Amino acid sequence: MRNHPIRLLIALTLAVIFAFPIWFMVSSAFKAEAEIQAIPMHLLPWDFQGLAQFRLAADIGPIWIYFANSWLYAITHVVITVFFGALAGFGFAKYRFPGRSLLFLAVLSTIMVPFQVLVVPLFIEMKALGWENSYAGLLVPGMMNAFGVFMMRQYAADLPDELLEAARIDGAAEFRIFLQIALPLLLPALASLAIIVFIWAWGAFLWPLVIVQDKALNVLSVGLASYTQPYLGQPMWGAAMAASTIATIPIAVLFVFFQRYFVKGLTAAAVKG
Amino acid sequence: MRYKWWGLAFVLPAVGFFAAFNLFPMLFGLYLSFTDYDLLNPPIWVGLDNFFNLWDDRLFRQALGNTLVFVAGATLPVWVLSLLAALVFDQAFRARDWLKAAFFLPVLPPIAVIAVLWRVLLHPNGVITSLTGGWWGITEIRWLADTALAPFSMIAVHDWAMIPFFMMIWLAGLAAIPPEFREAAAIDGAGPVRSFWHVDLPQLRSTAVLVAALSSIGAFQTFALQYVLPNDAGGPANSTMVLALLVLKYGFQYFRMGDAAAISVVMFGMILCVTLGQLWFNRRA
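These numbers come from a predicted model, not from an experiment.

Before we move on, can you summarise the overall build of chain A with the specific residues and values?
Helix and strand content of chain A: 15 helices and zero strands. On the principal axes, the C-alpha backbone points of chain A span a range of 75 × 60 × 30 Å. When each of the 273 residues of chain A is scored for burial, the buried share is 55%. Long-range contacts, defined here as pairs at least 24 residues apart, represent 73% of the contacts in chain A between residues at least 6 apart. A total of about 12,000 Å² of accessible surface is found on chain A, and carbon and sulfur atoms cover 69% of it.

Next comes the structure, spelled out in C-alpha cells:
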C-alpha cells in the first residue's frame, strides 16, 4: 500500500484540486483583463502583462498604504503579545501570589469568547474613548492575545527552578532574570507564537472593517474588498488578483522559510487554544 | 518570599489589558443585550424583550437557520475529507512532500483574499462553471446569485480553505500513535482498513473531538465570506445572511445596539455549548 500507484494518484488529484485556485490567482495577476475569464482557462498568461496589473491595483486604491497598515497592525500585535504574553506566562508559571488562579482563570475565559461577540460593545467603548477611526482604535484592542499568555505559561513552567534560584542567589533582580534567563530559553516557543499571531493579525478582517472609515487607515484585507467593485465601469479582476497576491506573499514567505515553526505553531494553537 | 509580588507585577500588564478590552466589553455587551440603545440616547432597560423580539424576527430566524446549515456543511464534510486526506498523506511515498505542500496552499491566503479570489472563480460564465457544467454543455451557473445555490457555494469555498488545515491536525494526531501498535496489528494479520478502524481510530479520539469542535466553532463565527463573496453582503435575498453579519447590520447600519448585542449573546451561547460538549466528550474518554 505504501508506494501503491493509487495512493499517488489520489494525492496528486487532491493536490491539483486544492492548489488550482491559488495557481489561478497568481497567474491571473500577470494576465490581460480579457484573458482572465478565458474559456478554456489559460494555465499560463499568453499575453504576459509584467507588473501592469500591480500598477493598476496601485492606481485604483492606495494599496501600499493598505500594505503598510497591515504590517503595522501585524507587527504591533506580534511584539505586544509575545513580550507581555511571555512576561505574564512567566509570572503565572513561576511565582505564587494571592489571586493567581483567579486572575489566570479571567485571562483564560477571554479565549473562549469569540471576537464576533465583542465587536458591538468594544466599538461603543472605542467611541467613548474617542478612538473611533484612528490608529489607536485600530491597533490597541486586539494587540494582546490571551492565547499568548496561555501558551507561554505552559512553556515557562518547564524552565528549571534551580537556574532561576541560582540567579537570585547571585543577586539578579527579578526582571533581569526574566529578560536574561527566561526569555532566551523560551526563544523557540516565542518564534512559534510570533508566527501564529502574525498569521492571525495579517488576516484580521472584522475589527479593521468596523473601526475604520478612512481609506488611509484600512488594512489590506479590508482594502481588498474594494477591488471587487467595477472601476470606471469596468471589472478589474486582474488588479484584484494582483492585490490578492500581494496580500498572500508575506504568509507564503513565512511558510517557505519557517515551515517547521509554521505547522508546529498552527497545530499548537489549535490543540491548546 | 519577598519576590512573590514580582509575579503579580509581571501578570498585571496583561491582566489589566484583558480587563479593559475583553472582560469589560463582555459584561458591557451582556448589559446592552437587556437594553434599547441607539448610540444617541442613553440605554433603556428592557429586560428580556430583545430576546423575545428576536424570536419573532424573521430575519433573525433566517440568519439562525442559514448559520446552522453553514455549520453543518462546514463540520461533517470537513471532518471526513480532512481525515481521508490525512490518511493519504500520512505515509511516505514518492513526491509526497511536494504534493502535501501543494495541498496545503489554501491555508496561506487571508480569508479576505479567499473571498475575492473565489468571487472571480465563481463568475457565472467563469472558470469553475466551465470545469463543472462545461462537460454537459452548460455555460452559465449563477453560483453566487441564485438563492438556492449561494449558501452551498459559501460552504464549498469554506471547506476548500479548511480541509488542508484540519488535515494538519489529523496528521499531528496520527504522528502521536506509537508505530508498534500498527506493526502489532499487521503481525496479527489486520489489513489497512481493519488496522485503521481498530488501532488508529480509538487513538485519535481526542483529535476527532477537537476537529469537530474547532470546525463548528469557526463556522458559527463565519462572516467574511458572506460579506465579500455575494454582490450585496448576505445576499442574494438574505440567503447567505448569517448571525455575525446580522450583528453588524443591526449594530452599525440600524444602530439597534441592544438587538445586535442580544444576537451576540445567542451566538456565544451556542459556541459555549460546543465547547462544553467538547469538554464532556474528552472527560468521558
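Now that the structure has been shown, we can carry on.
An account of the overall build of chain B is requested, with residue identities and associated values reported.
A count of helical and extended segments in chain B gives 13 helices and two strands. Here the C-alpha coordinates of chain B stretch approximately 75 × 75 × 30 Å along the principal axes. Total accessible area computed for chain B in this model is approximately 13,300 Å², and 67% of it derives from carbon and sulfur atoms. In chain B, 16 side chains carry a positive charge and 16 a negative one; their mean positions are 7 Å apart.

Break down the domain arrangement of chain A for me, with residues and values.
Residue and element names in this part refer to chain A. Taken domain by domain, chain A comprises domain 1 (1-50) and domain 2 (61-272). Its C-alpha centre places domain 1 at a distance of 33 Å from the equivalent point of domain 2. With both chains or domains summed, domain 1 and domain 2 bury close to 630 Å², and 70% of this area falls on carbon and sulfur atoms. The largest contributions to the domain 1 side of the interface with domain 2 come from M25, A29 and E33, which together make up 66% of the buried area. One can count zero salt bridges joining domain 1 with domain 2.

Give me the nonpolar core: which residues, what numbers.
If you look at the biggest cluster of nonpolar residues, it comprises 193 residues, and the most contacted ones within it are F24, F90, Y227, M241 and F262 of chain A together with W118 and F223 of chain B. Looking at this core element by element, the count peaks at 14 residues for helix α7 (residues 150-175) of chain B. Two domains each put at least three residues into this core: domain 1 (1-50) and domain 2 (61-272) of chain A. Excluding its chain neighbours within four sequence positions, the residues that come into contact with F223 of chain B are Q116, F205, L206 and L209 of chain A together with A244, L245 and L248 of chain B.

So what about the interface of chain B and chain A? Which residues, and what values?
Each side of the interface is counted separately: chain B has 85 residues, and chain A has 90 residues. Of the roughly 7,800 Å² buried at the junction of chain B and chain A (both faces included), carbon and sulfur atoms supply 83%. Of all residues in chain B, F10, F21 and L108 of chain B bury the most surface against chain A, accounting for 9% of the area lost on that side. Taken together, the connections running from chain B to chain A amount to zero salt bridges. Scanning the region where chain B abuts chain A turns up five residue pairs in polar contact (both at pLDDT 80 or more). The biggest single contributor to the side of chain B that touches chain A is helix α1 (residues 4-32) of chain B, with 22 residues.

Go over the environment of P77 of chain B with me, naming the residues and quoting the values.
All names here are of chain B. Take P77: it is sitting in helix α3 (residues 58-90). Taking the C-alpha atoms as reference points, P77 and A156, separated by 79 residues in sequence, lie 9.7 Å from one another. Those residues in contact with P77, other than ones at most four positions away along the chain, are A72, S82 and D159.

Outline the side chain of E125 of chain A, listing residues and values.
Tracing the backbone through its elements, the reader meets E125 of chain A in helix α6 (residues 115-129). Notably, E125 of chain A is buried but unbridged: the nearest opposite-charge side chain belongs to K127 of chain A, and the N-O separation is 14 Å. Among all residues touching E125 of chain A, those that are not within four sequence positions of it are A20, F21, F24 and P25 of chain B.

Can you break down the confidence of the model for chain B residue by residue, with the values?
Averaged over all residues, the pLDDT of chain B is 92; the fraction at 70 or higher stands at 99%. Predicted confidence in chain B is weakest over helix α8 (residues 179-187) of chain B, with a mean pLDDT of 82, and strongest over α3 of chain B, with 96.

Describe in detail the side chain of S192 of chain A, supporting the description with residues and values.
Mapped onto the fold, S192 of chain A is located in helix α11 (residues 187-203). Among residues more than four places away in sequence, those in contact with S192 of chain A are M151, Y261 and G265 of chain A.

Before we move on, could you go through the packing of aromatic side chains and cite the residues and values that matter?
If you walk through the whole model with that rule in mind, you get 47 aromatic pairs over all chains. Relative to F198 of chain A, the ring of W71 of chain A has its centre 5.3 Å away and its plane inclined at 55°; by these criteria the two rings are tilted. Here the residue W71 of chain A occupies a position in helix α4 (residues 63-94), and F198 of chain A occupies one in helix α11, the gap between them amounting to 127 residues. A relative accessible area of 33% means that W71 of chain A is categorised as partly exposed. Summarising the aromatic geometry, the rings of F175 of chain A and F178 of chain A are spaced 6.1 Å apart at their centres and angled 35° between planes, so their arrangement reads as tilted. In this pair, F175 of chain A and F178 of chain A both sit in helix α10 (residues 174-185), three residues apart, roughly one turn of the helix. Put simply, the rings of F83, F84, F90, Y95, F175 and F178 of chain A together with W6 and F10 of chain B pair up and form one aromatic cluster.

Account for the environment of L279 of chain B, with residues named and values stated.
With respect to the helices, strands and loops of the structure, L279 of chain B is situated in helix α13 (residues 257-284). Along the backbone, L279 of chain B and A172 of chain B are 107 residues apart, and their C-alpha atoms lie at a distance of 20 Å.

How would you explain the packing of helix α10 (residues 205-220) of chain B against α13 of chain B if you had to name every residue and give the values?
Residue and element names in this part refer to chain B. Here α10 crosses α13 at 180°, and the two axes come no closer than 10 Å. The angle between α10 and α13 falls in the class roughly antiparallel. Contact residues: R205, S206, V209, L210, A213, S216, I217 and F220 in α10; M267, M270, I271, V274, T275, Q278, F281, N282 and R284 in α13. Of the residues belonging to the contact of α10 with α13, the class tally is ten nonpolar, five polar and two charged.

Which residues make up a nonpolar patch on the surface, and what values go with them?
Residues I249, V253, V256, F257, F258 and Y261 of chain A make up a contiguous nonpolar surface patch of roughly 580 Å² in combined accessible area. With respect to the helices and strands, the residue I249 of chain A is situated in helix α14 (residues 237-257).

About the thresholds
Residues numbered from 1 in each chain as written. Chains lettered and ligands numbered in written order. Predicted model: local features only at pLDDT ≥ 70, side-chain atom pairs only at ≥ 80, totals over all residues. Heavy atoms only, no water. Helix = DSSP H or I, 4+ residues; strand = E, 2+ residues; numbered from the N terminus. Buried < 20%, exposed > 50% of the residue type's maximum accessible area, 1.4 Å probe, protein only. Contact = heavy atoms within 4.5 Å. Areas by Shrake-Rupley, 256 points an atom, 1.4 Å probe, with all protein chains shown as cover. Lys, Arg positive; Asp, Glu negative; His and termini not counted. Charge placed at Lys NZ, Arg CZ, Asp CG, Glu CD. Domains from an automatic or database assignment. Buried area = accessible area lost by both parts, 1.4 Å probe. Salt bridge = Lys/Arg side-chain N within 4 Å of Asp/Glu carboxyl O. Core = buried A, V, L, I, M, F, W, Y, C linked by side-chain atoms within 4.5 Å. Polar contact = N/O pair within 3.5 Å; in protein donor to acceptor, adjacent residues only side chain to side chain. pLDDT = per-residue confidence, 0-100. Phe/Tyr/Trp six-rings, centres within 6.5 Å; stacked < 30°, edge-to-face > 60°. Axes fitted to C-alpha atoms, helices over the stretch in contact; angles between N-to-C directions. Parallel < 35°, antiparallel > 145°, perpendicular 65-115°, else oblique. Nonpolar A, V, L, I, M, F, W, Y, C, P; charged D, E, K, R; others polar. Patch = residues over 30% accessible without salt bridge, like charges linked within 9 Å, V, L, I, M, F, W, Y side chains within 5 Å.

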